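# Inside the fold
Residue strings, one per chain:
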Amino acid sequence: MMKERKMAQHTSILILMLLLYSLSANSSFQPALVLEMAKILLENYCFPENLVGMQEAIQQAINSGEILQISDKKTLATVLTVGVQGALNDPRLTVSYEPNFVPVMTPVLPSLPKEQLTRLVRNSVKVDILENNTGYLRIDRIIGEETAAKLGSLLKDNIWDRVAHTSSLIFDLRYSTAGDLSGVPFIISFFSEPEPLIHIDTVYDRPSNTTRELWTMPTMMGERYGKKKDLIILTSKRTQGAAEAVAYTLKHLQRAIIVGERTSGGSIKVKKIRIARSDFYITVPVARSVSPITGQSWEVSGVSPTVNILAKEAVGKAKSILAVRSTFPKVVQSISNIIGRLYAFMDRDPAILEMLHSTDLFSVVSEEDLAVRLNQNLQTVSEDPRLIVKNMQDSSAAEEDTGLINVPDGPERLNEMFDARFKVEILPGNTGYLRFDKFFNTSMVEKVEEFMVEKVWKPLKDTNILIIDLRYNTGGSSNSLALILSYLHDISQRHHFFTIYDRIQNTSTNYDSLPQIIGPTYGSKRGIYVLTSYSTASVGEEFAYLMQSLHRGTVIGEITSGNLMHSKTFQIEGTDITITVPFINFIDNNGEYWLGGGVVPDAIVLAEEALDHVHEIAAFHRELTPLIEGTGELLEKYYAIPEIALKVSNILLRKYAEGLYRSVVDFESLASHLTADLQETSGDHRLHVFYCDVEPESPHEVPKIPTAEEVGYIIDALFKTELLPGNVGYLRFDMMADIEVVKATGPQLVKFVWSKIVNTDALIIDMRYNTGGYSTAIPLLCSYFFDVEPLVHLYTVFDRTTTTMTEVMTVPQVRGQRYGSSKDVYILTSHITGSAAEVFTRTLKDLNRATIIGEPTIGGSLSSATYQIRDSVLYASIPNQVVLSAITGKVWSVSGVEPHVIARASDAVSVAQRIIAARRLKEKGK
């Protein structure tokens, strides 16, 4: 309503400006002319809401005496047209001066003789059957409901039945410039099913002030075309009126593809009305259409085609689209067959095949569109980036580059191969360096291993660290991986490296450490650094990935090429569409499927700088032992729960020994890794390690006692009280203050906060935004909700730094009036309610003094301290206090508080009010 009022005001101003510009105060006919024009618009214009206030604005303009005179009547008509179109933003509104105008009476079709109607229909309709059983139907005039009923079987036999059995249809509306809207439901019904009925249009007629809805027809003479077969509608700039309604509706019902030009943007009904007894006329749209499908209309803007092309070329384009679309079922079936036969994830086949055959291809008009649509759906359903459908003008089907190096016969040729393919050096610092650019085929394992021992492992066996350079490695054979990896692990135990599942062979092959190693292994203790680049591909990527997943090496360099797919690419016969299907699954030592996509190094640096970073990272790795041990020592000394501290410390050392810290390359990544391990193994999110190059300040400062001037501000900022219906108090505070601050502000707190709610019948305490603070005031705050005697044991605090257990009790004296122990208390919580706020909440819950409503709290400790890890730039924040329940004696502070009533934090207040109302109703019923 407000929007319509603003529009009306805007319109009034525009028309006022128009009249000030166009008319004269001394003219004799202009004011009357304009007033009559306004009256016509008010009574006939199909958007009456845009005209509110117009007549008053015009009268004011006439009375103002500031209207300019325009003596030439055609010029006046032109000026009025520009003004009214601009004011109402409707190009269909035109004013003309036509002294010799003779109205043309359009014959009413149903009143014509049947013979004349028959000739008219035959002259405006053309039916043909084209190649491939494609129907062609051209209609130049949409006949109305009455005319159709009068002609009856003539239309059925000569038009609709002739095209009903075609395989597809071209519906030509390029020359349809006239028609009756009442005929639209028949045409839409022909291309749809009997049920359910479809609401296709709503027409508002202004002169009669009536609204008419158009629906599809439940029954009709003859056979329907249905909604399955392809339908293409041809349009042009001349297409107008009812034909636009047909095209617009079928397009947005996703029943037809529109090919051609944007239609003219006509109107449902336009009248040319004489302005009083003058020779001026105004053309007014008197009815409007609103599609219930889109909420919009084709009027003025026209119908935009699906495929934009010159109208004269539309038939040829329609034929080519139908020809392409006719291949779609075969293409989809071929893709389905290939996936069903080869795709490595057999368990995903049913969902993928169902998706392929149910994909909506309504708007797909080319092979390119088809490939995009199918690829999007395949990616969504399979969640496998390797399964790809493409349209490739270059019909060559790309295969994954294997680039195998076959092992030659004879020791001399084998020796030449190793010299050419492998580069082994001892770099400064007793650093081993191994570069090879292809993985060889180990069909002759014995011969290969003998040469590897002599050429690679013996020269490198005593180095301090080993660099394996894969920056130029583009792949090769996966079956050499197990041999190389075996030499990089201890032979004292068996290792599982990876598994290959081959869908074509339907076999799963486990690749484990080789039981017999004839040469010295490099073992699992010394550091290995794998260098990568964007060129590292295929099996080179597998090796880099395995070194990470096996926790055997640190990868340094660039993200690898990501072309590892283990796939085959097929071109669909007769098309430019290809499908790439992964037929092999690579399963790592953890049982995880690796789908390729590139290996992300532990240290991302430019490939040409990777070698320079090795010694820096290796030096950092030599410092890890004291840092890991130091973190464990701090936990064992300071963490609030000793048994968990010992467990976590041992797990850190075990993970380090197993190589799980090889991926850390600097202090920042080490801090992140340690934090993740500490929190995962302890279940305490407050444990964390951080990097700081200067000693951090202690977060526990002595609380500042506020001045008298500051007290009022603090109370206003931190506390909110409200009296809810039913004499229910509401108290929200977002921070737990120190006891000294509470004592200092006590009189003001009692006067301005507590006194407002202490005499309520029930109290809601909102802790949803309270993340904690100081715990020293908790005993005092809890005491307000218990009687003076006896003192109540609230909870027990264990402090690891002093190894003391302190029982916390209620206090005998409080300032002001107590709430007492009998009235209901409700505490609201959220997932950010933490620390001291949790202690307050949990205490009242354990003692059955409050009902907790909301979300589980964050879980935390009363106090944490920061400790430096050895003499490094790493620091550990370690909780050193825990809270034990006064009822169970068990530690709860790590796990947080579970509400009595689980609810979204945003709903907690209303939930509490409903519970209060329900309890009161129950009490009244007793």
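Now for a look at the structure at hand. (Residues numbered from 1 in each chain as written. Predicted model: local features only at pLDDT ≥ 70, side-chain atom pairs only at ≥ 80, totals over all residues. Heavy atoms only, no water.)

### Some points on the overall build of the protein
The cut-off we apply is this: Working definition: helices are DSSP H or I runs of at least four residues, strands are E runs of at least two. Numbering for both runs from the N terminus. Each residue is assigned to one of three classes by its accessible area relative to the maximum for its type, calculated with a 1.4 Å probe on protein chains only: buried under 20%, partly exposed between the two thresholds, exposed over 50%. Any two residues having at least one pair of non-hydrogen atoms within 4.5 Å are treated as being in contact. Only the protein chains shown count as cover for residues, and the accessible areas themselves come from Shrake-Rupley with a 1.4 Å probe.
What the protein contains, in helices and strands, is 27 helices and 40 strands. Looking at the protein as a whole, 51% of its 926 residues qualify as buried. Intrachain contacts of the protein at a sequence separation of at least 6 include 76% that bridge at least 24 residues. Carbon and sulfur atoms make up 52% of the accessible area of the protein, which amounts to about 43,400 Å² in all.

### Details of the sheet that holds strand β14 (residues 388-391)
This is how it is decided: One bridge is not enough; two strands pair if DSSP finds at least two bridges between them. Convention adopted: a line fitted to C-alpha atoms gives each axis, helices being fitted over their contacting stretch, and angles between N-to-C directions are expressed from 0 to 180 degrees.
Reading across the sheet, the 3 strands line up as β14-β25-β24 and stay open at both edges, with antiparallel pairing between neighbours. Two strands close off the open sheet at either side, each with one partner strand: β14 and β24 (567-571). If you compare each strand with its neighbour and ignore which way they point, the axes differ by 20 degrees on average. With 4 bridges connecting them, β14 and strand β25 (residues 577-582) associate as antiparallel partners. Bridge pairing in β25 places Val389 opposite Ile579. Contacting β14 and β25, helix α13 (residues 367-382) crosses the sheet at an angle of about 170 degrees to β14.

### So, the packing of aromatic side chains
Short version of the rule: The aromatic pairing rule takes the rings of Phe, Tyr and Trp, using the six-membered ring of Trp, and pairs them if the centres are within 6.5 Å, calling planes under 30 degrees apart stacked, those over 60 edge-to-face and the rest tilted. Charge over a ring is defined by NZ of Lys or CZ of Arg lying within 6 Å of the ring centre and within 35 degrees of the ring normal.
Under the definition given, this model contains 31 aromatic pairs. When the ring of Phe620 is compared with that of Phe667, the centres are 5.1 Å apart and the planes differ by 85 degrees; the resulting orientation is edge-to-face. One end of the pair, Phe620, is in helix α18 (residues 610-622); the other, Phe667, is in helix α21 (residues 667-682), and 47 residues separate them in sequence. Between Arg526 and the ring centre of Tyr522, over which it is positioned, the NZ or CZ distance is 3.8 Å. Between the NZ or CZ atom of Lys823 and the centre of the ring of Tyr819, over which it lies, the distance is 3.9 Å.

### Observations regarding the sheet that holds strand β36 (residues 851-854)
Sheet architecture is open: 6 strands sit in the order β30-β31-β32-β35-β36-β40, paired in mixed fashion. What marks the edges here is a single partner per strand, and that holds for β30 (719-724) and β40 (901-902). Taken together, the 2 bridges between β36 and β40 define a ladder with parallel strand orientation. Pairing of Ile853 across the sheet is with Val901, part of β40. Packed on one face of the sheet, helix α26 (residues 836-846) meets β32 (762-766), β35 (824-829) and β36 and runs near 140 degrees to β35. Running at roughly 160 degrees to β35, helix α27 (residues 908-925) makes contact with β30, β31 (728-733), β32, β35, β36 and β40 of the sheet.

### Brief notes about the environment of Val599
Inspection of the secondary structure puts Val599 in the loop between β27 (593-594) and β28 (603-604). Since its relative accessible area comes to 2%, Val599 is described here as buried. Sequence separation of Val599 and Gly540 is 59 residues, and the distance between their C-alpha atoms is 9.8 Å. Residues contacting Val599, with those up to four places away along its chain left out, are Glu541, Ala544, Tyr545, Gln548, Glu558, Ile559, Thr560 and Trp594.

### Some points on helix α4 (residues 73-88)
An α-helical segment advances 3.6 residues per turn. Residues three or four places apart therefore align on the same side. Operational definition: Multiplying one less than the number of residues by 1.5 Å gives the expected span of a helix.
Here α4 is 16 residues long and its end C-alpha atoms lie 22 Å apart, about the 22 Å a rise of 1.5 Å per residue gives. Taken together, the buried positions of α4 are occupied by Leu76, Ala77, Val79, Leu80, Thr81, Gly83, Val84, Ala87 and Leu88.

### Description of the packing of helix α11 (residues 328-342) against α13
As a reminder of what qualifies: The handedness criterion is simple: a crossing whose near helix is rotated anticlockwise from the far helix by less than a right angle is left-handed, and one whose near helix is rotated clockwise is right-handed.
Put simply, α11 and α13 touch, their axes get as near as 12 Å, and they point 35 degrees apart. Classified by chirality, the crossing of α13 by α11 is right-handed. Two secondary-structure elements touch here, α11 through Phe328, Val331, Val332, Ile335 and Ile339 and α13 through Leu370, Leu374 and Leu378.

### With respect to the packing of helix α19 (residues 624-638) against α21
The cut-off we apply is this: Each angle gets one of four labels, with under 35 degrees taken as roughly parallel, over 145 as roughly antiparallel, 65 to 115 as roughly perpendicular, and the rest as oblique. In this classification, the charged set is Asp, Glu, Lys and Arg, the nonpolar set is Ala, Val, Leu, Ile, Met, Phe, Trp, Tyr, Cys and Pro, and all remaining amino acids, among them Gly, are polar.
At a closest axis distance of 12 Å, the pairing of α19 and α21 adopts a crossing angle of 40 degrees. As judged from the angle between their axes, α19 and α21 are oblique. Once α19 is placed against α21, the crossing between them reads as right-handed. Only Phe667, Leu670, Leu674 and Leu678 of α21 make contact with α19, whose side of the interface consists of Leu624, Leu627, Ile628, Thr631 and Leu635. When grouped by side-chain class, the residues that make up the contact of α19 with α21 number 8 nonpolar, 1 polar and no charged.

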